[in-house]
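# Residue-level structure breakdown
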Amino acid sequence: MGRRTIAVVSGLPRSGTSMMMRMLEAGGMQVLTDYVREADKDNPEGYYEFERVKQIEHDQSWVREAEGKVVKIISQLLHHLPSDRAYKIVFMRREMDEILASQRQMLLRRGEDTDKIADEKLAELFRHHVEDVQGWLNGQPNIDVIYVIYNSVLARPQKEARRIAAFFDVDLDVDAMAAVVDPTLYRQRS
């Protein structure tokens, strides 16, 4: 990975993006995070978010800070990445029913309404969104993508860590990456 390349971890909410950020940090990559969103019961190891990312549509001045680092960007915001930079994106995938169950549990803990939209409708919207994002990513000459399945990381952390390290083409500590994968945090299973 070049010094000016920006590493990105993305995916749908509750797809394992925070776990991947933790893995990459353990492997030796510098993360861009502000720790504004603190760890909680839903993400006891932290969210690894950088609040300014949420404003990327209107403010891209922070992007230079991300060069040579890894930053978490939800999939809905990827198309706002400035095209004058190179990106290597780890796109997390997870079984849809697990994403929905995890999202529902998080909303319940926060006391929010979980019945605003039916799971079937939300699953349809998420699937359509992921198809659109993948199509867009495939057409971007400045973006390389690796798709990582959350469930595969939990089942074979060492193998997936090696695959991710090879994607970035940097000397990451694969053992340290695999060691942070905590199967006890896999609570919503299909």
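Refer to the structure presented above.
Here goes a summary of the coordinates provided. All figures in this text were calculated on a predicted structure; none of them were measured in a lab.

## A word on the overall build of the chain
- Helix and strand counts for the chain come out as 6 helices and 4 strands.
- Ordered by position from the N terminus, the helices and strands of the chain form the series β-α-β-β-α-α-β-α-α-α.
- The buried share of the chain, reckoned over its 190 residues, is 50%.
- Residue pairs in contact within the chain that sit at least 24 positions apart in sequence constitute 70% of those at least 6 positions apart.

## Side note on the packing of aromatic side chains
- Considering all chains together, one arrives at 4 aromatic pairs under this definition.
- With centroids separated by 5.1 Å and ring planes inclined at 65 degrees, the aromatic side chains of Phe 167 and Phe 168 adopt a geometry described as edge-to-face. Each member of the pair Phe 167 and Phe 168 is classed as buried.

## Looking at the sheet that holds strand 1 (residues 6-11)
- Pairing in this open sheet of 4 strands is parallel, and the strands run 2-1-3-4 from one edge to the other. Only two strands of the sheet have a single partner each, and these edge strands are strand 2 (70-72) and strand 4 (143-149). Ignoring which end each strand starts from, the neighbouring axes of this sheet average 25 degrees apart.
- With 3 bridges joining them, strand 1 and strand 2 adopt parallel strand pairing. Bridge pairing in strand 2 links Val 8 to Val 71.
- Across the face of the sheet, helix 5 (residues 157-168) comes into contact with strand 1, strand 3 (87-93) and strand 4 while running at roughly 180 degrees to strand 4.

## A closer look at the environment of Lys 54
- Counting through the fold element by element, Lys 54 comes out in the loop between helix 1 (17-27) and strand 2.
- Once the C-alpha coordinates of Lys 54 and Gln 76 are considered, the two residues, 22 residues apart in sequence, prove to be 9.9 Å apart.
- Leave out the neighbours within four places in its chain, and Lys 54 touches Glu 49 and Leu 77.

## Description of the pattern of salt bridges
- A full pass over the atoms with the stated rule returns 10 salt bridges.
- Between Glu 67 and Arg 85 there is a salt bridge; the shortest N-O distance is 2.9 Å. Taken together, the residues Glu 67 in the loop between helix 1 and strand 2 and Arg 85 in the loop between strand 2 and strand 3 connect sequence positions 18 residues apart.
- The exposure class of Glu 67 is buried, given its relative accessible area of 17%.
- We classify Arg 85 as buried; its relative accessible area is 14%.
- Between Arg 94 and Glu 98 there is a salt bridge; the shortest N-O distance is 3.1 Å.

Definitions and cut-offs
- Residues numbered from 1 in each chain as written.
- Predicted model: local features only at pLDDT ≥ 70, side-chain atom pairs only at ≥ 80, totals over all residues.
- Heavy atoms only, no water.
- Helix = DSSP H or I, 4+ residues; strand = E, 2+ residues; numbered from the N terminus.
- Buried < 20%, exposed > 50% of the residue type's maximum accessible area, 1.4 Å probe, protein only.
- Contact = heavy atoms within 4.5 Å.
- Phe/Tyr/Trp six-rings, centres within 6.5 Å; stacked < 30°, edge-to-face > 60°.
- Pairing = 2+ DSSP bridges.
- Axes fitted to C-alpha atoms, helices over the stretch in contact; angles between N-to-C directions.
- Salt bridge = Lys/Arg side-chain N within 4 Å of Asp/Glu carboxyl O.

Interpretation note: all reported values are geometric properties and have no functional meaning in isolation.
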